[in-house]
Amino acid sequence: MVHVSLARGRHAVVIGGSMAGLLTARILVDYFEQVTILECDRFPTTSPQPRKGVPQCKQLHILLTRGRQIMEELFPGLEAELIDADAAVLDMGADVAWLNPFGWAARFPSGFEALSFSRYILDWLIYRRLSQVSTIQILESSFVTGLLTNSNKTAVTGVVMRRRGREHSESVQPEELAADLVIDTSGYSSQAPNWLKAIGYDAPEETVVTTSMGYASRLYEIPANFQADWRGVYIQAAPPERTSMGVLYPIENNHWIVGVCATAPHRPSKNEAEFLESLRNLPSPHIYNAVKDARPATEIGIYHPPGNRLRYYERNVLAASYKDLLPWEILSAHLHRSMDRG
Ligand SMILES: Cc1cc2nc3c(=O)[nH]c(=O)nc-3n(C[C@H](O)[C@H](O)[C@H](O)COP(=O)(O)OP(=O)(O)OC[C@H]3O[C@@H](n4cnc5c(N)ncnc54)[C@H](O)[C@@H]3O)c2cc1C
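Draft legend 1. A look at the environment of Ser-284. Along the chain, Ser-284 falls in the loop between α6 (272–280) and α7 (286–291). Classification of Ser-284 by relative accessible area gives buried; the value is 4%. The contact partners of Ser-284, leaving out residues within four places of it in the chain, are Leu-99, Trp-104 and Ile-235. Side-chain polar atoms of Ser-284 contact the side chain of His-286, separated by 2.6 Å.

Draft legend 2. Spotlight on the packing of helix α1 (residues 19–28) against helix α4 (residues 119–130). Contact pair α1 / α4: the axes reach a minimum separation of 10 Å and the direction vectors enclose 30°. If you check the angle between α1 and α4, you find them roughly parallel. Seen along the crossing, α1 lies across α4 with a hand that is left-handed. Two secondary-structure elements touch here, α1 through Met-19, Leu-22, Leu-23, Ala-25 and Arg-26 and α4 through Arg-119, Leu-122, Asp-123, Ile-126, Tyr-127 and Leu-130.

Draft legend 3. The sheet that holds strand β12 (residues 181–184), seen in detail. Ordered in space as β8-β2-β1-β12, the 4 strands form an open sheet in which the pairing is parallel. Strands with a single pairing partner mark the edges of an open sheet, and in this sheet they are β8 (136–139) and β12. Strand-to-strand twist across the sheet, computed as the mean angle between neighbouring axes with direction ignored, equals 15°. Bridge analysis of strand β1 (residues 9–15) against strand β2 (residues 32–38) gives 6 bridges, and the strand direction is parallel. Within β2, the position partnered with His-11 by the bridge is Gln-34. Sheet contacts for α1: β1, β2, β8 and β12; angle to β2, the most-contacted strand, approximately 170°.

Draft legend 4. Structural view of the packing of aromatic side chains. Using the criterion set out here, one finds 6 aromatic pairs in the structure. Measuring from ring centre to ring centre gives 4.3 Å for Phe-43 and Tyr-127, while their planes differ by 15°; the resulting arrangement is stacked. A residue pair is termed long-range when its members are at least 10 positions apart, and Phe-43 in the loop between β2 and β3 (62–63) and Tyr-127 in helix α4 qualify at 84 residues. Just as Phe-43 is buried, Tyr-127 falls in that class too. Relative to Tyr-234, the ring of Trp-98 has its centre 6.3 Å away and its plane inclined at 5°; by these criteria the two rings are stacked. Linking Trp-98 in strand β5 (residues 96–100) with Tyr-234 in strand β15 (residues 232–235), this pair joins segments that are 136 residues apart in sequence. Judged by its relative accessible area of 24%, Tyr-234 is partly exposed. What links up through ring pairs into an aromatic cluster is the set Phe-43, Trp-124 and Tyr-127.

Conventions we followed
Residues numbered from 1 in each chain as written. Predicted model: local features only at pLDDT ≥ 70, side-chain atom pairs only at ≥ 80, totals over all residues. Heavy atoms only, no water. Helix = DSSP H or I, 4+ residues; strand = E, 2+ residues; numbered from the N terminus. Buried < 20%, exposed > 50% of the residue type's maximum accessible area, 1.4 Å probe, protein only. Contact = heavy atoms within 4.5 Å. Polar contact = N/O pair within 3.5 Å; in protein donor to acceptor, adjacent residues only side chain to side chain. Axes fitted to C-alpha atoms, helices over the stretch in contact; angles between N-to-C directions. Parallel < 35°, antiparallel > 145°, perpendicular 65-115°, else oblique. Left-handed = near helix turned anticlockwise from the far one by under 90°. Pairing = 2+ DSSP bridges. Phe/Tyr/Trp six-rings, centres within 6.5 Å; stacked < 30°, edge-to-face > 60°.

Structure below.
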């Protein structure tokens, strides 16, 4: 990785080492002398593996065109590494049969290529690159529990953390880590509103959308003699009438990842008969017919996401004080640069 030094500060801390945290660290390393990623979970050591801190990582993830371009810009050669890892390259117009609320989408060579692979491979490739950068420190089992401020609470000056991961964090003394900039990328479980309250600020207003959605996925071996005029299938939900959807995409190792998603009370379970039944009940038989005689390569994995939350940090009257916590300036500048070129 080549770094252009645009030094703005000495030390930046990123809370959470999943996709947002890893990409944020990559951007910040051009601006800070030292970047520390604090991750409460542990990363795999020798090969890509799912991990507990990213519970959605066994479900289908597709890297679409724009995401691919941005990541390639940040990590030149990443796309080739994904393809070496046997990611499937799909033209989303030509290769995917897509049933949307208006009918089947027209099939044509679109030039919009997406990569399809197990999500944790991407995390692993990026993690491996960042762990070789001398100015990035990655601390695992480091559970952030609060923020440090200056004496008049006008700036965030670091974080409080415990070094035993989330589960055992109560058994160790908290430590303080100073930083010129702190970025929270701790995802769904972010405690940022509580951390802000603890230092005397109001929690942001939020909109919560509880969809009661559930996902179930399973890998299948692609049968040797399988033939179809598609390589992937996406059967989209059409709410409020049809609230379930189904997907089948090729991934590495000659596998399909097959998933269903539905809202309560029809949330998919780990039960094999129910899983197949939900595939059979989709409005098109494409997926069910493809997998009914295929050999499963894994158990059925389920994921029930918590509700979606939109937190309005920018509405808070003290928003100006958050600028040390959320570096919109740097992140959006980078995105704007990418957009200008794109
Ligand atoms: C079923 C499903 C399918 C999806 N498919 C796609 C797709 O096809 N394409 C796509 O682009 N996106 C997809 N997404 C979205 C994608 O998974 C998420 O947007 C992305 O993983 C969010 O990344 P994140 O880094 O913000 O947070 P998360 O992945 O939630 O990670 C948060 C990290 O912070 C750590 N952490 C949490 N609290 C603390 C703490 N206090 N201290 C230290 N560390 C902490 C966690 O251990 C974790 O590593 C999908 C999501 C789901 C649920």
